[in-house]
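One letter stands for each residue in the lines below.
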Amino acid sequence: MHSNSLLLEEPIRMASVLEPSKPVSCHFALLLFSVCLCFLFRSMLEKLITTMRCQSFFPAMTKIMGTLGPRSRSVEIISSCLKAGMSVARFDFSWGDAAFHQETLENLKLAIKTSKKLCAVMLDTIGPELQVVNKAENAISLQENSLVVLTPDQDKEATSSLLPINFHGLSKAVKKGDTIFIGKYLFTGSETTSVWLEVTDINGEEVVCLIKNSATLGGSLYTLHVSQIRIDLPTLTEEDKKVIGTWGARNNIDFLSLSYTRYAEDIRHARDFLSKLGDLQKTQIFAKIENVEGLQHFDEILKEADGIIFARGNLGIDLPPEKVFLYQKSVLYKCNMAGKPAVVTRVVDSMTDNLRPTRAEATDVANAVLDGTDAILLGAETLRGMYPVETITTVGKICAEAEKVFNQDLYFKKTIKYIGEPMTHLESITSSAVRAAIKVKASVIICFTSSGRAARLIAKYRPTMPVLSVVIPRLKSNQLQWTFTGACEARQSLIVRGLFPTLADPRHPAESKNATNESILKVVLDHGKASGVIKPHDRVVVCQKMSYASVVKIIELED
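Residues numbered from 1 in each chain as written. Predicted model: local features only at pLDDT ≥ 70, side-chain atom pairs only at ≥ 80, totals over all residues. Heavy atoms only, no water.

Enquirer: Account for the nonpolar core, naming residues and giving values.
Expert: In this structure, Met 86, Phe 91, Leu 108, Trp 247 and Ile 308 are the most contacted members of the largest nonpolar core, which totals 69 residues. Residue contributions to this core peak at seven residues, all from helix H14 (residues 388-404). Other than its neighbours up to four places away in sequence, Met 86 contacts Ile 64, Gly 66, Leu 68, Ile 78, Cys 81, Cys 119 and Ile 392. (Core = buried A, V, L, I, M, F, W, Y, C linked by side-chain atoms within 4.5 Å. Buried < 20%, exposed > 50% of the residue type's maximum accessible area, 1.4 Å probe, protein only. Helix = DSSP H or I, 4+ residues; strand = E, 2+ residues; numbered from the N terminus. Contact = heavy atoms within 4.5 Å.)

Enquirer: Describe the pattern of salt bridges, naming the residues involved and giving the relevant values.
Expert: Scanning the model with the defined rule gives 25 salt bridges in all. Residue Arg 230 pairs with Glu 293 through a salt bridge whose shortest N-O separation is 3.1 Å. Of this pair, Arg 230 sits in the loop between strand E12 (222-226) and helix H6 (238-251) while Glu 293 sits in helix H8 (residues 292-296), placing them 63 residues apart in sequence. Among the ionic pairs, Asp 299 bridges to Lys 334, the shortest N-O distance being 2.9 Å. Residue Asp 299 is found in helix H9 (residues 298-304), and its partner Lys 334 is found in helix H11 (residues 324-338); the two are separated by 35 residues along the sequence. Looking at Lys 334, the relative accessible area reads 30%, which means it is partly exposed. Counted as one network, the salt bridges with shared partners bring together Arg 90, Asp 92, Asp 124 and Lys 288. (Salt bridge = Lys/Arg side-chain N within 4 Å of Asp/Glu carboxyl O.)

Enquirer: Describe the packing of helix H15 (residues 408-419) against helix H16 (residues 425-439), with residues and values.
Expert: Each pair of packed helices can be summarised by the angle the axes make with each other and by the distance between the axes. Contact geometry for H15 and H16: axes closest at 12 Å, N-to-C directions at 160°. Classified by the angle their axes make, H15 and H16 are roughly antiparallel. In the packing of H15 onto H16, the handedness of the crossing is left-handed. For the pair H15 and H16, contact is made by Gln 408, Phe 412, Ile 416 and Ile 419 and by Glu 427, Ser 431, Val 434, Arg 435 and Ile 438, respectively. Taken together, the residues of the contact of H15 with H16 sort by class into five nonpolar, two polar and two charged. (Axes fitted to C-alpha atoms, helices over the stretch in contact; angles between N-to-C directions. Parallel < 35°, antiparallel > 145°, perpendicular 65-115°, else oblique. Left-handed = near helix turned anticlockwise from the far one by under 90°. Nonpolar A, V, L, I, M, F, W, Y, C, P; charged D, E, K, R; others polar.)

In structure tokens:
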């Protein structure tokens, strides 16, 4: 049997593994079993050994993003999350004030120091999100087949028959028969805490709806979603700008998640705003695709954005359920071919209250990895979930298992074919580095870079081994002071699948002489050995720029 019989793209051979064995003599059976084991698992064993080595260094190639909140904001919990595999911390400003998030961020900084784990910071905007305003925070019981009125008058008290909302234009946006969904914390889908409404009448600014299922709304944070209706509100709101200009600028955020991105112009507008905020001009913008409008303009959005967040919570409401997986595969494929990070959300909702995911959720995580996602975003699971650390650990294990059967050979050929010829200089060098690493069975690929672009291109080809990105800081001046850049570029690699950054000594430029580069390389190799990724007699592929030439070289390590 072929050694790659467990790869996803070969279902016929997969079926052959499940065939019952024919009876044979004991001696012959033992001999046959030994031969088959050697033949079947030769390459799989090599892959497994690499995986076992790497898991002490990182749980999986796929990155895990955790949303920090009430259940995950202490130094101890955050440290455990980092050790479990969280590489990006998301701060969701759709709830909580700046002071609350600042305290959480300070705890994150302490956790990074104690755990000695790098972590990037993402600010998630509110965007044009519609919310039910329940100032009293009393539980509201809604009964099936009853009527409820949605009103823009936020001074009124929320009751079973009246729900104040934060938008004055709803009555103009909807029509009779439209579907409205109200859910708690990113649409959990629970029929006891989420409710479906059908518009039956419009009375001035108020919208009368028929309740389709009984539910109880408790607490203050309930979002409202109208299926496939354009809401005439700016993507980057004034409140968002205030938060970015204060909290974001003060903390030099690495990523901005632009909620409800609908057009490429949304990204350009946000980038123009960031360019006026000093160091935030380096902040990468991830377009959060949450509705049909974003999907309709996806190709244009992808060209402008630094990455994509496929927000399945809202999309699951805007799209028919049977269409979500098709769009997921399409979005991830396009991101992969463009070499831009893709993030999938809403994977293990049940772990908000349970220690284990459902079988469907575990399969969903694995399929997202096989589809090509760079990272998994955990929302309510870590924000308010009972088991934030266990959730990260579980998701990391599932990702690692899925990566073992990811058909890298097929993916590499598909990517090369998509790019076509002639390739750019950098694309040619990085793809050659991956090809060489696979051919010689290298344990790691080491890439010297200043901006991180070369390392991201290497990771784009999904090599089976980790890519160690050596970010060389640059010296820059604003005519008042000299500063080094590079730390932000290193942290921004933490969202890219298979890419693991280190920050080099700023005294050594990326285009320095060979002797200097060799000294940096020795430090990186020692780091790899100490973490267990590199062993004696391993082969390592190095990609670096020397003067005006780009070089790919293969090193075989001694004892």
